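# Structural characterization, general
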Amino acid sequence: MRILSSVVLAAAAASAVLGQGPQKCSSLHTRRSAHSLSTDEWRKIGRVLAQMHDSGELDRFAGAHQALFESVHGSTTFFPFHRKFVQEFEDVGRRIDGTFFVPYWDSTRDYRDPARSPILRNTTLGGNGQGPDGCLQDGIQGGWTMGFPGDHCLRRQFDDGSAIEPWVPAEVISSYIQSDDAIAQFREHIEYGIHGAVHLGLGGDAATRFAPNDFFFFMHHANIDRLWWLWQNTHRMMDYNGPGTNGEASLDDVIPHTDNMDFGDARAGSVMVLGFNRMCFAYDSAPAPPAQYPGANSDDHRMIHDARLPAPVFSGSSDTAGLGLEIMRIRRALAGSAALKDDFPGVAALGAARGIDADVDADACTCQERRAKRLVYPAPMSEMWIRMHGFDRARVDGVHREACALIDRLNNSTYVSPY
């Protein structure tokens, strides 16, 4: 997998307009994992956020998200809108500090016991809120008063008292990336699963329509965007179908915006490919943007890192050490579970292409000696969350059952999670 190193200063390349082709970025910056940031880097982010808070920018983003809420959830619009929304936020921050970027929070690295995550310490995002209102007292936004929708303390209220119920494990996301053939299917799995789980787990402002008050929102959605980019590089980069803002989704759909969050005439098609049309960023654990803009039905965007493989194999985890073990151990588990081959077609093709005998995997002795880590079920979406979004409860519950069934299949196989 090609990984871009960080390049300071993003180019604000103009969006493609009628009569012009896609505009390639002249330079890129890299969104890094929040788990990799130093204390000084968190302080720098805090200083940028403080200026955005004082200038009313955080209120503007929170207000726009609330105003557009129904238009940008529950449909394929979910992906392009939030890619554009986070990019706009990041651009504001980079006008304050040219080295600013939105780090992504890979929540699968903390899924078993989220409240113990290093991202929720007093030097990073802060932990649980305090007092009857759940006011956040520590972290880079600790003690802040937010102006939207009215003056109130920034609230954080974990969904299990002082703890947070489990989120979605990396292996489930890996399966979605490999097995979901259409973006509409992938969107449901992500939006009804990992997306909602993290919002609900943190609670407080994070579980409202004005969630952008809490910087977690942008880190979380940067990760959601990273997962979409991995899916795009596994399947068809320009694939865009399912329900849109007005009928069937189309690349020509205008991305929803408001008067004070004006995206102009930006269309869904303008944000599909990183490295073009102001999407001047990359991820440190995902393929680099392509050198050329892909055609609508082209597969030449795939970052094939081994000529013997039919397609790259990506994981939901940004933990590169764990990723190697995850793929190796799933490959071994496939030998004893035919059902898992449908869950992980990329890994199945990997083994077939290389003619590997899973029973003599080099990691076998390690697994035998290691204490088994059984995967745990993610918490289901709450009734409040489903009603707030206008989701189909049966479909949301179905996604949760599917995830739990996959976890059962993995736990009942030889698979041992490295996470």
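Further up the page is the structure itself.
Note that the structure is a prediction, hence the values are computed from the model and not measured.

### Things to note about helix α3 (residues 78-96)
Counted at 1.5 Å a residue, the expected span for α3 with its 19 residues is 27 Å, and the 28 Å between its end C-alpha atoms agrees. The buried count for α3 comes to 17 of 19 residues, which makes it a mostly enclosed element.

### Topic: the state of the cysteines
Summed over all chains, the structure comprises two disulfides. Sulfur-sulfur distance for the disulfide between C25 and C280 comes to 2.1 Å. Of note, the bridge from C25 to C280 carries an S-S torsion of about -85° and is left-handed in sense. In this pair, C25 sits in the segment before β1 (29-31) while C280 sits in the loop between β5 (247-248) and β6 (281-283), placing the two residues 255 residues apart along the sequence. Summarising the burial analysis for this pair, C25 and C280 share the class buried. Disulfide pairing is shown between C135 and C153; the S-S distance is 2.1 Å. Given an S-S torsion of about -75°, the disulfide between C135 and C153 has left-handed geometry. In this pair, C135 is assigned in the loop between α3 and β2 (145-146) and C153 in strand β3 (residues 152-153), connecting sequence segments 18 residues apart. Of the two residues, C135 and C153, neither departs from the other in class, the shared state being buried. Sequential numbering of the bridged cysteines in the chain gives the disulfide pattern 1-4, 2-3.

### Some details on the packing of aromatic side chains
Evaluation of the coordinates by the stated rule reveals 21 aromatic pairs. Each ring, one from F85 and one from F217, has its centre 5.9 Å from the other, and the planes form 85°; the classification is edge-to-face. A residue pair is termed long-range when its members are at least 10 positions apart, and F85 in helix α3 and F217 in helix α6 (residues 216-234) qualify at 132 residues. The burial state of F85 is the same as that of F217; both residues are buried. Here W105 and W167 contribute two aromatic rings whose centre-to-centre distance is 5.6 Å and whose plane-to-plane angle is 70°, an arrangement assigned as edge-to-face. With W105 in the loop between α3 and β2 and W167 in the loop between β3 and α4 (170-179), the pair connects residues that are 62 residues apart, well separated along the chain. W167 carries the same exposure label as W105, and that label is buried.

### Examining empty space enclosed by the protein
Applying the stated criterion across every chain yields a total of two cavities of 30 Å³ or more. Roughly 100 Å³ of internal volume is contained in the largest cavity. Lining the largest cavity are 15 residues, with V168, Y192, G193, P378 and H400 sitting closest to its centre. Secondary-structure elements contributing two or more residues to the lining of the largest cavity are α4, α5 (183-202) and α12 (393-411). Considered class by class, the residues forming the lining of the largest cavity number twelve nonpolar, three polar and no charged. Looking at the second largest cavity, its volume works out to about 40 Å³. If you trace the second largest cavity, you find it lined by F78, F79, H82, R83, H221, I224, D225 and W228. Sorting the residues of the lining of the second largest cavity by element identifies α3 and α6 as the ones contributing at least two each. Along the lines of polarity and charge, the residues of the lining of the second largest cavity split into four nonpolar, two polar and two charged.

What counts and what doesn't
- Residues numbered from 1 in each chain as written.
- Predicted model: local features only at pLDDT ≥ 70, side-chain atom pairs only at ≥ 80, totals over all residues.
- Heavy atoms only, no water.
- Helix = DSSP H or I, 4+ residues; strand = E, 2+ residues; numbered from the N terminus.
- Expected span 1.5 Å × (residues − 1).
- Buried < 20%, exposed > 50% of the residue type's maximum accessible area, 1.4 Å probe, protein only.
- Disulfide = S-S within 2.5 Å.
- Phe/Tyr/Trp six-rings, centres within 6.5 Å; stacked < 30°, edge-to-face > 60°.
- 1 Å grid on protein atoms, 1.4 Å probe; cavity = no way out; pocket = protein on both sides within 12 Å on 5 of 7 lines; lining within 4 Å.
- Points joined across faces, edges and corners; volume = space filled by probe spheres on them.
- Nonpolar A, V, L, I, M, F, W, Y, C, P; charged D, E, K, R; others polar.

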